[in-house]
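# Tertiary structure, described
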Amino acid sequence: ILFATIIIDYTAGLLIENAEGAKRKWFLAMSIVANVGILAFFKYYNFFTENVNHLLHISNAGTSLPLLHIILPIGLSFHTFQAMSYTIEVYRHNQKPERHFGIYALYVMFYPQLVAGPIERPQNILHQFHEKQEFDYDRVVSGLRQMMWGMIKKVVIADRLAQVADPAFNAPHNNISGVGFAIATVFFAFQIYCDFSGYTDIALGAARVMGFRLMVNFNNPYASKSISEFWKRWHISLSTWFYDYLFNPIVTGLRNWGQGAIVFGLLFTFFISGLWHGAAWHYIIWGLWHGTALSYEALTRKTRKRIFKKMPKVLGNAISLTCTFVYVCMGYVFFRAHHLRDAVFILKKIASVPGEFIHVLSTRKLSFLNLPGIYNVILPCFGLIVFLGVATQVYQRYLAGDLFRQKPAIVRWSLYFAALIGLMYFGVYEKHDFIYFQF
């Protein structure tokens, strides 16, 4: 599959560069149809077939389409979007076509970010493959340090939180309370962040060891005070991809619609974003959940600004942070649930939290949560979330910059040793694939 798409897009880039007028559009269309067609077959054929069969069953058509046993190639969505960005940028005259076939293949298959991003633009990475990379001790150590931090986020934090979140979402009808689901949802929010940003740190660190610079993909997303800010901080390579190649062209083409173009563009873009994440209705609802919030923010920006100006800044920030995080977490219920009906069931249970919270205050008993390991798992997991916040600040302020390099060797190597021991001792070494490998 990779070989076929590489051949198609490499050829399309050269054809687009040498063509004029309508021919350039045809060659671009050829490349996009080929990439989207392969993605649609492997990822969405059975999803659309199941829905068509359901409609045929309702209409008593007496026939059905065959389902296929298709194995989804790992990372297909990521390298498809990266390959598409190449031909689009060549078409827009923002990138010269790569004439070295091996270099172009490396752009699509660069191993650190092949299976889960970040989705790189050709302007950022292609020229780096032509540069000679010399060994640099400080750069290598910096890359290894970021890989270590990514491993801690994945193995120590994400996989530990999964021990609470997974049982709740995998068996939602197992007599779990609303408070239990609320805790599991919050834990999943930090699990998916540490899982995905941990992978990104490993990818960026591995690339840096070899002398290559990949784009930043996360920037403290849970510090966002709005959903629009959240999407500027979360999975930045994907959100900017959708903005540049889908949302912006839609709004530009429908500029006569006024604000209607923005609303339609947001809803359609996040519909596609949900479908990109998975061939299931609960992913589509998750996408529309965010598209609806972004539409609301776009339509009420001036009104909300006037309201927040009338209250103390600290209070306004606290309300914005809380509302944004709660809304994102509610969306995660659709994202994590196996079926749409499970997501609705879980949200109904979470809606009963106020009554259960009063019960907790009156009885002071947590056993009714019906989650495994109330005291020996859940409470330490809250400690890990606090640790994540503190450690992130320490890493960004000291370890990721030049200040740490100036410390004595005994200090640096003591911290490396402590991090390695902590990773080995506190890590969860069970089968926990990276969540975004499935996309």
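Residues numbered from 1 in each chain as written. Predicted model: local features only at pLDDT ≥ 70, side-chain atom pairs only at ≥ 80, totals over all residues. Heavy atoms only, no water.

## Here's the deal with the overall build of the protein
- Along the backbone of the protein there are 17 helices and 0 strands.
- The globule rule puts the C-alpha radius of gyration for 439 residues at 22 Å, and the 24 Å found for the protein is close to it.
- When burial is assessed residue by residue, the protein has 48% of its 439 residues classed as buried.
- Within the protein, residue pairs in contact and separated by at least 24 positions form 75% of the contacts whose partners lie at least 6 positions apart.
- Charge-centre separation for the protein: the mean point of 39 positive side chains lies 10 Å from the mean point of 23 negative side chains. (Helix = DSSP H or I, 4+ residues; strand = E, 2+ residues; numbered from the N terminus. Rg over C-alpha atoms; globule rule 2.2 N^0.38 Å. Buried < 20%, exposed > 50% of the residue type's maximum accessible area, 1.4 Å probe, protein only. Contact = heavy atoms within 4.5 Å. Lys, Arg positive; Asp, Glu negative; His and termini not counted. Charge placed at Lys NZ, Arg CZ, Asp CG, Glu CD.)

## Considerations on the environment of H79
- Relative to the assigned elements, H79 resides in helix α3 (residues 76–91).
- Each C-alpha atom of the pair H79 and R160 lies 29 Å from the other, and the pair is 81 residues apart in sequence.
- With residues near it in sequence (within four places) discarded, H79 still touches L2, I74, V108 and L114.

## Quick notes on the packing of α3 against helix α4 (residues 101–109)
- Two numbers describe how α3 lies on α4: the axes approach to 9 Å, and their chain directions differ by 135°. Between α3 and α4, the interaxial angle falls into the category oblique. On α4, the residues touching H79, Q82, A83, S85 and Y86 of α3 are Y104, Y107 and V108.
- Here the contact of α3 with α4 is built from residues that sort into 5 nonpolar, 3 polar and no charged. (Axes fitted to C-alpha atoms, helices over the stretch in contact; angles between N-to-C directions. Parallel < 35°, antiparallel > 145°, perpendicular 65-115°, else oblique. Nonpolar A, V, L, I, M, F, W, Y, C, P; charged D, E, K, R; others polar.)

## Describing the pattern of salt bridges
- If you walk through the whole model with that rule in mind, you get 8 salt bridges.
- For E17, the salt bridge goes to K96, with nearest N and O atoms at 3.3 Å. Taken as a pair, E17 in helix α1 (residues 2–18) and K96 in the loop between α3 and α4 lie far apart in primary sequence, 79 residues in all.
- Exposure remark for E17: the relative accessible area of 26% places this residue in the partly exposed category.
- Linking K154 and D195 is a salt bridge whose minimum nitrogen-to-oxygen distance equals 2.7 Å. You can see K154 sitting in helix α6 (residues 137–170) and its partner D195 sitting in helix α7 (residues 178–209), a full 41 residues away along the chain.
- Accessibility expressed as a relative area gives 2% for D195, which makes it buried.
- The network of salt bridges with shared partners includes K154, D159 and D195. (Salt bridge = Lys/Arg side-chain N within 4 Å of Asp/Glu carboxyl O.)

## A short note on the layout of surface pockets
- Approximately 780 Å³ is the volume attributed to the largest pocket.
- Every residue lining the largest pocket is counted, 29 residues in all, and those nearest its centre are M148, I152, F387, A418 and A419.
- Looking at the lining of the largest pocket, the elements that each hand over two or more residues are α6, α16 (374–399) and α17 (409–426). (1 Å grid on protein atoms, 1.4 Å probe; cavity = no way out; pocket = protein on both sides within 12 Å on 5 of 7 lines; lining within 4 Å. Points joined across faces, edges and corners; volume = space filled by probe spheres on them.)

## Things to note about α17
- Helix length check: α17 (18 residues) gives 25 Å between terminal C-alpha atoms against 26 Å at 1.5 Å per residue, within 8%.
- Listing the buried residues of α17 in full gives R412, Y416, G422 and L423. One side of α17 carries all its buried residues, which in axial view fall inside an arc of 130°. Looking at α17, the residues exposed on the side facing more than 90 degrees away from the buried face are I410, W413, F417, M424 and Y425.
- Where α17 is buried, its residues contact α6. (Expected span 1.5 Å × (residues − 1). Arc of directions from axis to C-beta.)

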